[in-house]
Structures are given as structure tokens and as C-alpha cells.
Amino acid sequence: MSQTTNHCYRLRHRPAGTVADDDLEFLQEPIPNIGPGQALIRTLWLSVDPANRIWMSEVHYNMPPVPIGGIMRGFGIGQVVESLRDDMKAGDLVSGITGWADYAVADATNLVPFSVLPSPLPTSPTLLLGPLGRTGVTAYLGVQDIGRPQPGETMVVSAAAGAVGSVAGQIGKARGARVVGTAGSREKCRHVVEALGFDACVNYRDTDWREQLDAATPDGIDVDFENVGGQILDHVVTRLNVGARIALCGLISEYNSYGSSAGQQARVSVDHILMSRALLRSFLVLDHTDRFPEAIAYLAGLVDEGKLRYDETVVEGLENARSALNQMFEGVNTGKLLIKVAEPL
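The shown structure was predicted, so the numbers you read here are calculated from the model rather than taken from an experiment.

### Brief notes about helix α4 (residues 186-194)
Those residues of α4 lying buried are K188, C189, H191 and V192. One side of α4 holds all its buried residues, which, seen down the axis, span an arc of 160°. Exposed residues pointing more than 90 degrees away from the buried face of α4 are listed as R186, E187 and E194. Looking at the buried residues of α4, the elements they touch are β9 (178-183) and β10 (200-203).

Structure representation (C-alpha cells):
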């Protein structure tokens, strides 16, 4: 192994608002040594997700918070470079919590066990972190289990140009719904309609976005796939039809307010949910790992049929992970945001 240094990010402070330079320290450390029952994983690709910001806070999400001084948590795809495990051999590609580091150790202490990927891979590794991975499965579960859009119904998807929202909206279209997105720029809205096939998209940065959303949903809203929360969710609930379903996937407008008084807090009008007899159900993808094969088979079928387009924003270099995370909250990326850490050996 030619490399001798493990670059990594360690959490030094719980951020108050946007992640600052001194919240995450970028370090050079020795590469971990492994013992019996362990394997050394070299990170190739790192997924950047809203959950990264939650894990930095004291909020208990789908996992405990990252401890102060701990390596920043993150899902990725890596390659086994050394192994003292019977189920992994050098050269295998694996997926799991690599963390924001060049190298990770796979053993019984991992919060999520590493999985060995098929050889050869049936598709590109980045697809397995995006529409054919946790991202796509999240969209599938929210639409198929909670939203259940029917032909002719109106479905709204917030953060429609993002990794999950873009897939969720296309699943809704495949089910025959009229799909309206919200996104953070006119260019993104154009992309959502022209490339992803949504029926309409509203730029929430326009001053009259509420009026635009009303005009785009003249028959009300039957399904809301909610990724943003805040003012968008507040307005959507005022337009719910009787029997509407809200799949509460995320509240990205809230996450940077964890640890500070900033941010826009959701003020969901419960009376509108009551009067519309609506279902509001939250979900976390890691609660449904048994559904992954079913979901991935469905999504792969849409890809093969040309009914699912996916976008990727790739940032080169682990050293840029912190800035990439902040850019995601600013809405810079389109589709899945990924860090390319290294090439396979």
C-alpha cells in the first residue's frame, strides 16, 4: 500500500447554523491497523446527505450524534485493501459507513455493517449511492407506501431537483399522477420540467411563489412528498384535498438551525390536516432495510425503461467535503451530491 496517511475530518464543535471551518477539522493521521475480524477499507466515493448536518447536532436521528472528536459520519463505497475477515477479501468493493476519511475499519462495531458489492458491478458505483441505493429507496418508500398517488391526482414534491425529490417525482409520474415540484432557481425548475418530466415547477425564491404554487395546483393537492418543511410545508397543507397523504421525508430548511436560533421553523396548521382528513406520516429509510431488494428492482426497471433520469453533482477531493455540504444547503447541487475520494486500486 503506497499511501501512508489517512486524511479525515473530526468533529470539534456542534455547529450553530452553517458548518464553520473550525467545526470540522481536516487532519492527517496514521492509517488504522487491523486485527482479527477486521478489514481495512479505502474510501472511493462518499455520499453527501442532509443527515450529515443532523449527525453533527445533539439531535438523535436514525443514529446517535457523532461524538465530539469523532470522525465525521458518512455513507460511501470503498475497496478492501487488507482483510482478516472470512467474508471480505482484498479488492472487494463494499458499501457502508466509510466516514469522512480515506480509510475505515470494517468490524463488528460498525453502526451499519459493510456489505460486499457484486463483482462485476451491474452498474456504476455512484448509481448505488443514488437512485439505486438509499436515495432511491427513500423515494420509493415515501411514494409507494405513504403517498400512493393515483392516476390523475396532483402530487407536490419539494426539493424536486435534489437527489430524493427528483426520483420521487418520477415515480409519481410513472404511477400516472400530475407532479408539481418546487426548487431553488428558475434553471432548476426548467430542468425539473424539461428533463425529469414534471408537469410544473415553482421557484420558491420568487416573491410570488405561493401564488405560483396555487396556480400550478388548481385542483388542490392529493400527495405531498415533503423534503423541505418550513414555509413550503406551511403553504402546502392549506391546499390539501380530502384524504390527502403527506410523506414526511425531510425538513432540510430546519437542519442548519439545529444548535442556533436561526432558521425557519415549520408552523404546520393542524386544523387544515384535520379538516382534510389527511395522513401525515414520517419515515426513515434505515428502518426498512428488508425492502431494499424490492425497491432497487423496481427502480432499476424504471431506469431500463427510460422512465427514471438521474443527475449527479461530483466534487473532487475529500478536503472539499465540508464546503460541499454547505453548498447543498444553499441549493447549489442538482441531483445526488457525491465526493470522489480516490480511484480503485
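Next comes the rest of the write-up.
### Brief notes about the packing of helix α2 (residues 134-147) against helix α3 (residues 163-174)
Two elements in contact, α2 and α3, have axes whose closest approach is 8 Å; the angle formed by their N-to-C orientations is 45°. The angle between α2 and α3 places the two elements in the oblique class. Here α2 runs over α3; the crossing is right-handed. Contacts from T135, G136, T138, A139, Y140, V143 and Q144 of α2 reach α3 at A163, V164, V167, A168, I171 and G172.

### A short note on helix α5 (residues 209-216)
Along α5, the positions that sit buried rather than exposed are W209, L213 and A216. Within α5, the buried residues cover an arc of 65° as seen down the axis, which keeps them to one side. Across from the buried face of α5, at angles greater than 90 degrees, the exposed residues are E211 and A215. In this structure, the buried residues of α5 make contact with β9, β10 and α6 (230-236).

### Here's the deal with the pairing of strand β1 (residues 5-11)
Note on strand geometry: in a regular strand, side chains alternate between the two faces of the sheet. Burial analysis of β1 places five of its seven residues in the buried class, which makes it a mostly covered element. Bridge count between β1 and strand β2 (residues 24-30): seven bridges; the pairing is antiparallel. When the sheet's bridge partners are listed, T5 is paired in β2 with P30.

### Regarding the sheet that holds β10
Ordered by their spatial adjacency, six strands build an open sheet running β10-β9-β8-β11-β12-β13, and the pairing between neighbours is parallel. The two strands at the open ends of the sheet, each matched to only one other strand, are β10 and β13 (279-282). Averaged over all pairs of adjacent strands, the angle between strand axes in this sheet comes to 15°, irrespective of strand direction. With four bridges joining them, strand β12 (residues 240-248) and β13 adopt parallel strand pairing. Its bridge partner lying in β13, L248 is registered against S282. Along the sheet face, α4 touches β9 and β10 and points at about 170° away from the line of β10.

### Notes on the pattern of salt bridges
Within this structure, the stated rule accounts for 16 salt bridges. For D21, the salt bridge goes to R322, with nearest N and O atoms at 3.7 Å. Taken as a pair, D21 in the loop between β1 and β2 and R322 in helix α10 (residues 321-329) lie far apart in primary sequence, 301 residues in all. Taking relative accessible area as the criterion, R322 reaches 17% and is therefore assigned buried. Across the pair R291 and E294 runs a salt bridge whose closest N-O atoms are separated by 2.8 Å. The exposure class assigned to E294 is partly exposed, which follows from its relative accessible area of 37%.

### Details of the side chain of S276
By the secondary structure assignment, S276 is in the loop between α8 (270-275) and β13. Within the local environment of S276, its side chain forms a polar contact with the backbone oxygen of H272, the two atoms lying 2.8 Å apart. Only 3.3 Å separates the side chain of S276 from the backbone oxygen of I273, close enough to count as a polar contact. Beyond its immediate sequence surroundings of up to four residues, S276 is in contact with L240, N241, V242, G243 and A244.

### Section: the packing of aromatic side chains
Throughout the structure, instances matching the rule amount to five aromatic pairs. Here the aromatic rings of Y9 and F26 are separated by 4.8 Å at their centres, their planes lie at 45°, and the arrangement is tilted. With a gap of 17 residues between them, Y9 in strand β1 and F26 in strand β2 connect regions that are remote in the sequence. Judged by relative accessible area, which is 0%, Y9 ranks as buried. On the basis of relative accessible area, F26 is assigned to the partly exposed category, the value being 30%. Taking the centre distance of 5.5 Å and the plane angle of 75° together, the rings of Y9 and W100 count as edge-to-face. In this pair, Y9 is assigned in strand β1 and W100 in the loop between β5 (93-97) and β6 (103-106), connecting sequence segments 91 residues apart. The exposure classification of Y9 matches that of W100, with both residues buried.

The rules behind these values
- Residues numbered from 1 in each chain as written.
- Predicted model: local features only at pLDDT ≥ 70, side-chain atom pairs only at ≥ 80, totals over all residues.
- Heavy atoms only, no water.
- Buried < 20%, exposed > 50% of the residue type's maximum accessible area, 1.4 Å probe, protein only.
- Helix = DSSP H or I, 4+ residues; strand = E, 2+ residues; numbered from the N terminus.
- Arc of directions from axis to C-beta.
- Contact = heavy atoms within 4.5 Å.
- Axes fitted to C-alpha atoms, helices over the stretch in contact; angles between N-to-C directions.
- Parallel < 35°, antiparallel > 145°, perpendicular 65-115°, else oblique.
- Left-handed = near helix turned anticlockwise from the far one by under 90°.
- Pairing = 2+ DSSP bridges.
- Salt bridge = Lys/Arg side-chain N within 4 Å of Asp/Glu carboxyl O.
- Polar contact = N/O pair within 3.5 Å; in protein donor to acceptor, adjacent residues only side chain to side chain.
- Phe/Tyr/Trp six-rings, centres within 6.5 Å; stacked < 30°, edge-to-face > 60°.

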